[in-house]
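The residues making up each chain are set out below.
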Amino acid sequence: GGAGFAGLYLAEKLAQTNHKVRILDMRLPTRKLHKNIQFVQGSVTDRDKMMKACKNVDVVFNLASLLPCSRAKRQFWKVNVGGTTNLLEVALKNKIKKIVHVSSSIVYGIPPRAYVIEEDPTVPIGDYGKSKLAAEKECVRYMQKGLKITILRPRMIIGAGRVGLLTILFDWIKHDKNIYTIGKGNNRFQMLGVHDFVDACRKAIKKGSNQIFNLGSDKVPTVRETLQDLVMHARTKSKVIGTNAFFVRNILRVLDWFKLTPLNIEHYMIADHDYVVDTTKARE
């Protein structure tokens, strides 16, 4: 997953700090790579390709994943779980010293409390979250076989070059369109800067073996405050307008069924909830 948004940031930072880096990804990189980076095109579901890519490697960062907006259904399990199992088996055979597995905070499902801790129940509500949790369980199984693995559960990673649903939001603001929140927007929705994510990955090379860590920003503002600040920064006339969460969720549920919205259940079911993970363990 090194040719994706966060993967490229991580690969380039490692290369700039004199590490030799090998990327395995199905998609080609969108920009010229650092001289210390070797690119191998292939899927995590291809055991032979993985075996070659992991040869003479000390540390593997697993960022390969199909995202929720893909509505991949069975493919979630093939890539997110099967691909992870492939990697773990190859890592065991190649005697890789450390694996940093990037999971997701979505495994918690609808947040059970204001500040979610790593020991809270994991009750994912969609196929993506369920597959990410299943991949974590594979990691735990291979820890028992002797692999050293750190599992990271980041909130939504943002930074320059991030695309997806945010591009819709940016386009609305650019063209002075109103922004509608699911609910009043008084809830707090935590995110994570990509440079902080990279920093956590690098620290996990030597620390946190066989542990799980939440990753997210501190001092999380409300959704309304975040959007209003963004509008002010862009100097446009967009206004933030709240809606009836119950009504909008049910509309989106129908649209989702017919694939007429970019949002899926793991977006609209939590959009009006406080979603802040406690990062005390990671900081310590």
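Notes on the structure follow. (Residues numbered from 1 in each chain as written. Predicted model: local features only at pLDDT ≥ 70, side-chain atom pairs only at ≥ 80, totals over all residues. Heavy atoms only, no water.)

## A closer look at the packing of helix H5 (residues 165–174) against helix H7 (residues 223–234)
Geometrically, a packed helix pair is captured by the angle between its two axes and the distance between the axes. It is the contact of H5 with H7, at a shortest axis distance of 10 Å, that shows an interaxial angle of 55°. The angle between H5 and H7 falls in the class oblique. At the point where H5 passes H7, the crossing takes the right-handed sense. Of the residues in H7, those in contact with Leu169, Phe170 and Ile173 of H5 are Leu227, Leu230, Val231 and Ala234. Of the residues in the contact of H5 with H7, the class split is 7 nonpolar, no polar and no charged. (Axes fitted to C-alpha atoms, helices over the stretch in contact; angles between N-to-C directions. Helix = DSSP H or I, 4+ residues; strand = E, 2+ residues; numbered from the N terminus. Parallel < 35°, antiparallel > 145°, perpendicular 65-115°, else oblique. Left-handed = near helix turned anticlockwise from the far one by under 90°. Contact = heavy atoms within 4.5 Å. Nonpolar A, V, L, I, M, F, W, Y, C, P; charged D, E, K, R; others polar.)

## Topic: the nonpolar core
Among soluble globular proteins, nonpolar side chains are generally buried collectively. If you look at the biggest cluster of nonpolar residues, it comprises 26 residues, and the most contacted ones within it are Leu10, Val21, Ile37, Phe61, Leu63 and Phe197. The set of elements that each furnish at least two residues to this core consists of helix H1 (5–16), strand E1 (21–25), strand E4 (98–102), helix H6 (194–203) and strand E10 (211–215). Phenylalanine 197 has contacts with Ala6, Leu63, Val102, Pro154, Ile157, Leu192 and Leu215, leaving out every residue within four places of it along the chain. One finds Val79, Leu88, Val90 and Ile151 within the second-largest nonpolar core, a separate group that totals 22 residues. (Core = buried A, V, L, I, M, F, W, Y, C linked by side-chain atoms within 4.5 Å. Buried < 20%, exposed > 50% of the residue type's maximum accessible area, 1.4 Å probe, protein only.)

## Quick notes on the environment of arginine 202
Among the structural elements, arginine 202 can be located in helix H6. Put simply, arginine 202 and tyrosine 115 are 87 residues apart on the chain and 25 Å apart in space, counted from C-alpha to C-alpha.

## Details of the layout of surface pockets
Its volume calculated, the second largest pocket comes out at about 850 Å³. Taken together, 31 residues line the second largest pocket, and the ones lying closest to its centre are Arg22, Val57, Val59, Val60 and Phe61. Of all the secondary structure elements, the ones that give two or more residues to the lining of the second largest pocket are H1, E1, helix H2 (47–53) and strand E3 (59–62). Here the residues of the lining of the second largest pocket are counted per class, giving 18 nonpolar, 8 polar and 5 charged. (1 Å grid on protein atoms, 1.4 Å probe; cavity = no way out; pocket = protein on both sides within 12 Å on 5 of 7 lines; lining within 4 Å. Points joined across faces, edges and corners; volume = space filled by probe spheres on them.)

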